[in-house]
Amino acid sequence: MDEATVRRDLAAAYRLAARRGWDDIVWTHLSASVPCEPGAYLINRFGLRFDEVQPDNLVKVDVGGRVIDGSSAPVNPSGFAIHGAVHAARPDAACVMHLHTRWGQTLAALDTPLLPCSQPALRLWRRLGRHAYEGLAFRPAERERLVAALGALDGLVLANHGTLTVGRTVAEAFVLMHLLERAAQIQIAAMAAGNIVCVSDEVAE
(Lines give C-alpha, C1' and ligand atoms only; values in the text may rest on other atoms or scores of the structure.)
Protein backbone atom coordinates (compact mmCIF):
# COMPACT_ATOMS: atom_id res chain seq x y z
CA MET A 1 0.00 0.00 0.00
CA ASP A 2 1.36 3.45 -0.90
CA GLU A 3 0.86 6.86 0.73
CA ALA A 4 -1.71 7.97 -1.83
CA THR A 5 -3.90 4.96 -0.99
CA VAL A 6 -3.61 5.57 2.74
CA ARG A 7 -4.50 9.24 2.23
CA ARG A 8 -7.58 8.24 0.22
CA ASP A 9 -8.69 5.67 2.81
CA LEU A 10 -8.14 8.00 5.77
CA ALA A 11 -9.99 10.90 4.13
CA ALA A 12 -12.86 8.51 3.32
CA ALA A 13 -12.96 7.40 6.95
CA TYR A 14 -13.24 11.02 8.11
CA ARG A 15 -16.11 11.71 5.73
CA LEU A 16 -17.91 8.45 6.56
CA ALA A 17 -17.53 9.28 10.26
CA ALA A 18 -19.13 12.67 9.60
CA ARG A 19 -22.05 11.01 7.79
CA ARG A 20 -22.61 8.78 10.83
CA GLY A 21 -22.62 11.76 13.19
CA TRP A 22 -19.39 10.67 14.86
CA ASP A 23 -17.70 14.05 14.47
CA ASP A 24 -17.38 16.69 17.19
CA ILE A 25 -17.07 19.97 15.25
CA VAL A 26 -13.27 20.19 14.80
CA TRP A 27 -12.24 18.01 17.76
CA THR A 28 -11.04 14.37 17.75
CA HIS A 29 -8.83 12.70 15.21
CA LEU A 30 -8.21 9.75 12.94
CA SER A 31 -4.62 9.05 11.98
CA ALA A 32 -2.76 6.58 9.77
CA SER A 33 0.88 5.59 9.45
CA VAL A 34 2.71 6.57 6.28
CA PRO A 35 3.97 3.45 4.46
CA CYS A 36 7.77 3.08 4.35
CA GLU A 37 8.25 6.14 6.61
CA PRO A 38 8.68 4.82 10.17
CA GLY A 39 7.51 7.32 12.75
CA ALA A 40 5.45 9.37 10.28
CA TYR A 41 1.67 9.51 10.22
CA LEU A 42 -1.18 11.49 8.68
CA ILE A 43 -3.74 13.46 10.68
CA ASN A 44 -6.38 16.13 10.05
CA ARG A 45 -5.51 19.81 9.74
CA PHE A 46 -6.85 21.58 12.84
CA GLY A 47 -9.88 23.73 12.06
CA LEU A 48 -11.39 21.52 9.36
CA ARG A 49 -14.62 19.65 9.98
CA PHE A 50 -14.53 15.92 9.26
CA ASP A 51 -16.59 16.45 6.10
CA GLU A 52 -13.95 18.87 4.79
CA VAL A 53 -11.04 16.44 5.05
CA GLN A 54 -9.57 15.40 1.71
CA PRO A 55 -6.52 13.29 0.80
CA ASP A 56 -4.47 16.35 -0.10
CA ASN A 57 -5.18 18.38 3.07
CA LEU A 58 -4.14 15.68 5.54
CA VAL A 59 -1.00 16.72 7.42
CA LYS A 60 2.11 14.54 7.76
CA VAL A 61 3.60 14.64 11.26
CA ASP A 62 6.08 12.61 13.30
CA VAL A 63 5.39 10.89 16.61
CA GLY A 64 6.81 13.91 18.43
CA GLY A 65 4.10 16.14 16.98
CA ARG A 66 6.23 17.99 14.44
CA VAL A 67 4.77 18.78 11.01
CA ILE A 68 7.18 17.23 8.51
CA ASP A 69 5.55 17.87 5.15
CA GLY A 70 6.68 21.50 4.86
CA SER A 71 3.14 22.83 5.12
CA SER A 72 3.36 24.44 8.59
CA ALA A 73 -0.29 23.41 8.92
CA PRO A 74 -1.91 23.73 12.37
CA VAL A 75 -2.54 20.46 14.22
CA ASN A 76 -4.22 19.99 17.60
CA PRO A 77 -1.55 19.29 20.29
CA SER A 78 -3.79 16.80 22.11
CA GLY A 79 -3.99 14.86 18.85
CA PHE A 80 -0.21 14.58 18.89
CA ALA A 81 -0.27 13.39 22.48
CA ILE A 82 -2.70 10.52 21.94
CA HIS A 83 -1.98 9.50 18.36
CA GLY A 84 1.77 9.99 18.49
CA ALA A 85 2.01 7.90 21.66
CA VAL A 86 0.00 5.02 20.18
CA HIS A 87 1.79 5.04 16.83
CA ALA A 88 5.17 5.07 18.60
CA ALA A 89 4.24 2.18 20.89
CA ARG A 90 2.26 0.05 18.42
CA PRO A 91 3.90 -0.25 14.99
CA ASP A 92 1.12 -2.69 14.09
CA ALA A 93 -1.48 0.03 14.67
CA ALA A 94 -1.47 1.52 11.18
CA CYS A 95 -4.64 3.48 12.01
CA VAL A 96 -5.77 5.08 15.27
CA MET A 97 -9.31 6.42 15.67
CA HIS A 98 -10.24 8.59 18.65
CA LEU A 99 -13.81 9.91 18.81
CA HIS A 100 -16.28 11.69 21.10
CA THR A 101 -19.44 9.94 19.92
CA ARG A 102 -22.74 10.13 21.80
CA TRP A 103 -22.87 6.45 22.75
CA GLY A 104 -19.13 6.09 23.26
CA GLN A 105 -19.08 9.05 25.63
CA THR A 106 -22.11 7.70 27.46
CA LEU A 107 -20.37 4.35 27.95
CA ALA A 108 -17.28 6.25 29.11
CA ALA A 109 -19.38 8.01 31.76
CA LEU A 110 -20.53 4.72 33.30
CA ASP A 111 -18.66 2.65 35.87
CA THR A 112 -19.78 -0.45 33.94
CA PRO A 113 -17.45 -1.87 31.26
CA LEU A 114 -18.61 -2.99 27.84
CA LEU A 115 -20.60 -6.14 28.60
CA PRO A 116 -20.98 -9.31 26.46
CA CYS A 117 -24.68 -8.61 25.91
CA SER A 118 -24.72 -8.25 22.12
CA GLN A 119 -22.99 -9.73 19.11
CA PRO A 120 -21.04 -6.50 18.36
CA ALA A 121 -19.77 -6.49 21.94
CA LEU A 122 -18.54 -10.07 21.64
CA ARG A 123 -16.00 -9.06 18.96
CA LEU A 124 -14.48 -6.78 21.60
CA TRP A 125 -14.67 -9.25 24.48
CA ARG A 126 -11.46 -8.86 26.49
CA ARG A 127 -10.04 -6.75 23.65
CA LEU A 128 -10.93 -3.36 25.14
CA GLY A 129 -9.02 -1.54 27.87
CA ARG A 130 -9.92 1.48 29.99
CA HIS A 131 -7.96 4.63 30.73
CA ALA A 132 -8.89 7.03 33.54
CA TYR A 133 -9.58 10.67 32.76
CA GLU A 134 -6.72 13.05 33.61
CA GLY A 135 -7.80 16.19 31.75
CA LEU A 136 -6.44 17.12 28.32
CA ALA A 137 -3.84 14.54 27.29
CA PHE A 138 -0.66 16.60 27.09
CA ARG A 139 1.67 15.20 29.76
CA PRO A 140 4.27 12.53 28.89
CA ALA A 141 3.40 10.54 32.01
CA GLU A 142 -0.23 10.24 30.93
CA ARG A 143 0.79 9.12 27.46
CA GLU A 144 2.73 6.30 29.10
CA ARG A 145 -0.30 5.27 31.15
CA LEU A 146 -2.58 5.43 28.11
CA VAL A 147 -0.23 3.21 26.08
CA ALA A 148 0.04 0.78 29.00
CA ALA A 149 -3.75 0.58 29.26
CA LEU A 150 -3.99 -0.16 25.54
CA GLY A 151 -1.23 -2.77 25.53
CA ALA A 152 -1.87 -5.17 22.65
CA LEU A 153 -5.66 -4.64 22.73
CA ASP A 154 -7.95 -3.37 19.97
CA GLY A 155 -9.05 -0.21 21.73
CA LEU A 156 -9.83 1.78 24.86
CA VAL A 157 -12.71 3.37 26.64
CA LEU A 158 -11.31 6.73 27.73
CA ALA A 159 -13.26 7.32 30.93
CA ASN A 160 -15.37 10.51 30.90
CA HIS A 161 -13.90 11.29 27.49
CA GLY A 162 -14.57 9.00 24.52
CA THR A 163 -13.35 5.91 22.70
CA LEU A 164 -10.30 4.77 20.75
CA THR A 165 -9.72 1.90 18.35
CA VAL A 166 -6.66 0.77 16.43
CA GLY A 167 -6.33 -1.37 13.32
CA ARG A 168 -3.81 -2.81 10.91
CA THR A 169 -5.61 -0.79 8.23
CA VAL A 170 -7.91 2.22 8.20
CA ALA A 171 -10.78 -0.13 7.37
CA GLU A 172 -10.13 -2.38 10.37
CA ALA A 173 -9.98 0.52 12.82
CA PHE A 174 -13.19 1.93 11.32
CA VAL A 175 -15.09 -1.36 11.60
CA LEU A 176 -13.94 -1.82 15.20
CA MET A 177 -15.20 1.67 16.02
CA HIS A 178 -18.51 0.85 14.32
CA LEU A 179 -18.84 -2.29 16.47
CA LEU A 180 -17.90 -0.41 19.65
CA GLU A 181 -20.41 2.35 18.99
CA ARG A 182 -23.17 -0.15 18.17
CA ALA A 183 -22.36 -2.30 21.23
CA ALA A 184 -22.41 0.76 23.50
CA GLN A 185 -25.79 1.85 22.13
CA ILE A 186 -27.31 -1.61 22.62
CA GLN A 187 -25.93 -1.95 26.16
CA ILE A 188 -27.12 1.48 27.28
CA ALA A 189 -30.59 0.93 25.80
CA ALA A 190 -30.83 -2.50 27.46
CA MET A 191 -29.71 -1.11 30.82
CA ALA A 192 -32.36 1.60 30.58
CA ALA A 193 -35.05 -0.93 29.71
CA GLY A 194 -34.47 -3.19 32.70
CA ASN A 195 -32.36 -6.16 33.69
CA ILE A 196 -29.62 -6.71 31.14
CA VAL A 197 -28.88 -10.26 29.97
CA CYS A 198 -25.34 -11.23 28.96
CA VAL A 199 -23.86 -14.43 27.61
CA SER A 200 -21.57 -16.52 29.80
CA ASP A 201 -17.82 -15.99 29.80
CA GLU A 202 -17.44 -19.38 28.16
CA VAL A 203 -19.72 -18.48 25.26
CA ALA A 204 -18.10 -15.05 24.93
CA GLU A 205 -14.67 -16.63 24.78
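Our subject is the structure that appears above.
Everything quoted here is computed from the prediction, not taken from an experiment.

### So, the sheet that holds strand 4 (residues 95-99)
Right, on to step 1. Pairing within the open sheet is mixed, and its seven strands lie in the order 3-2-1-4-7-6-5. On the outer flanks of this sheet lie strand 3 (59-62) and strand 5 (128-131), each paired with one strand and no other. Each neighbouring strand pair of the sheet contributes to a mean axis angle of 20°, computed without reference to strand direction.
Right, on to step 2. Bridge analysis of strand 1 (residues 29-33) against strand 2 (residues 40-43) gives two bridges, and the strand direction is antiparallel. Residue pairing in the sheet places Ala-32 in a bridge with Leu-42 of strand 2.
Right, on to step 3. Sheet strands touched by helix 5 (residues 140-150): strand 5, strand 6 (155-158) and strand 7 (162-167). Its angle to strand 5, the strand with the most contacts, is close to 155°.
Right, on to step 4. Running at roughly 145° to strand 7, helix 6 (residues 170-193) makes contact with strand 1, strand 4, strand 5 and strand 7 of the sheet.

### Section: the environment of Ser-200
Right, on to step 1. Along the chain, Ser-200 falls in the loop between helix 6 and helix 7 (201-204).
Right, on to step 2. Classification of Ser-200 as partly exposed rests on a relative accessible area of 33%.
Right, on to step 3. Spatially, the C-alpha atom of Ser-200 lies 8.0 Å from that of Pro-116, the residues being 84 residues apart in sequence.

### Focus on the packing of aromatic side chains
Right, on to step 1. A full pass over the atoms with the stated rule returns three aromatic pairs.
Right, on to step 2. For the ring pair Tyr-14 and Phe-50, a centre distance of 4.8 Å and an interplane angle of 85° mean the geometry is edge-to-face. Remark: Phe-50 occurs in the loop between strand 2 and strand 3 and Tyr-14 occurs in helix 1 (residues 3-19); sequence separation between them is 36 residues.
Right, on to step 3. The class for Phe-50 is buried, based on a relative accessible area of 0%.
Right, on to step 4. With a centroid separation of 5.5 Å and an interplanar angle of 50°, the aromatic rings of Trp-27 and Phe-46 are classed as tilted. Of this pair, Trp-27 sits in the loop between helix 1 and strand 1 while Phe-46 is found in the loop between strand 2 and strand 3, placing the two residues 19 residues apart along the sequence.
Right, on to step 5. Here Trp-27 falls in the partly exposed class, since its relative accessible area comes to 39%.
Right, on to step 6. Residue classification places Phe-46 among the partly exposed residues on the basis of a relative accessible area of 31%.
Right, on to step 7. The aromatic ring of Trp-22 is capped on one face by Arg-20, whose charged end is 5.6 Å from the ring centroid.

### Focus: the side chain of Asn-57
Right, on to step 1. Here Asn-57 shows up in the loop between strand 2 and strand 3.
Right, on to step 2. Here Asn-57 falls in the buried class, since its relative accessible area comes to 15%.
Right, on to step 3. Separated by 3.2 Å, the side chain of Asn-57 and the backbone oxygen of Glu-52 make a polar contact.
Right, on to step 4. Here Asn-57 is in contact with Arg-45, Leu-48 and Glu-52, once residues within four sequence places are set aside.

### A look at the pattern of salt bridges
Right, on to step 1. Summed over all chains, the structure comprises 14 salt bridges.
Right, on to step 2. The salt bridge partner of Arg-90 is Asp-92, with a shortest N-O separation of 2.8 Å.
Right, on to step 3. According to the relative accessible area criterion, Arg-90 is buried, its value standing at 10%.
Right, on to step 4. A relative accessible area of 41% means that Asp-92 is categorised as partly exposed.
Right, on to step 5. In this structure, Asp-154 engages Arg-123 in a salt bridge whose closest nitrogen and oxygen atoms are separated by 2.9 Å. Residue Asp-154 is found in the loop between helix 5 and strand 6, and its partner Arg-123 is found in helix 4 (residues 119-123); the two are separated by 31 residues along the sequence.
Right, on to step 6. Residues joined in a network through salt bridges with shared partners are Glu-3, Arg-7, Glu-37 and Lys-60.

### Description of unusual backbone geometry
Right, on to step 1. Phi is positive for Cys-36, close to 65°, though the residue is something other than glycine.
Right, on to step 2. Note on placement: Cys-36 falls in the loop between strand 1 and strand 2.
Right, on to step 3. With relative accessibility at 79%, the residue Cys-36 sits in the exposed group.
Right, on to step 4. Within the chain, Asn-160 stands out as a residue other than glycine whose phi angle is a positive 60°.
Right, on to step 5. Considering the arrangement of structural elements, one finds Asn-160 in the loop between strand 6 and strand 7.

The rules behind these values
- Residues numbered from 1 in each chain as written.
- Predicted model: local features only at pLDDT ≥ 70, side-chain atom pairs only at ≥ 80, totals over all residues.
- Heavy atoms only, no water.
- Pairing = 2+ DSSP bridges.
- Helix = DSSP H or I, 4+ residues; strand = E, 2+ residues; numbered from the N terminus.
- Axes fitted to C-alpha atoms, helices over the stretch in contact; angles between N-to-C directions.
- Contact = heavy atoms within 4.5 Å.
- Buried < 20%, exposed > 50% of the residue type's maximum accessible area, 1.4 Å probe, protein only.
- Phe/Tyr/Trp six-rings, centres within 6.5 Å; stacked < 30°, edge-to-face > 60°.
- Lys NZ or Arg CZ within 6 Å of the ring centre and 35° of its normal.
- Polar contact = N/O pair within 3.5 Å; in protein donor to acceptor, adjacent residues only side chain to side chain.
- Salt bridge = Lys/Arg side-chain N within 4 Å of Asp/Glu carboxyl O.

Read these as spatial facts, not as claims about activity.
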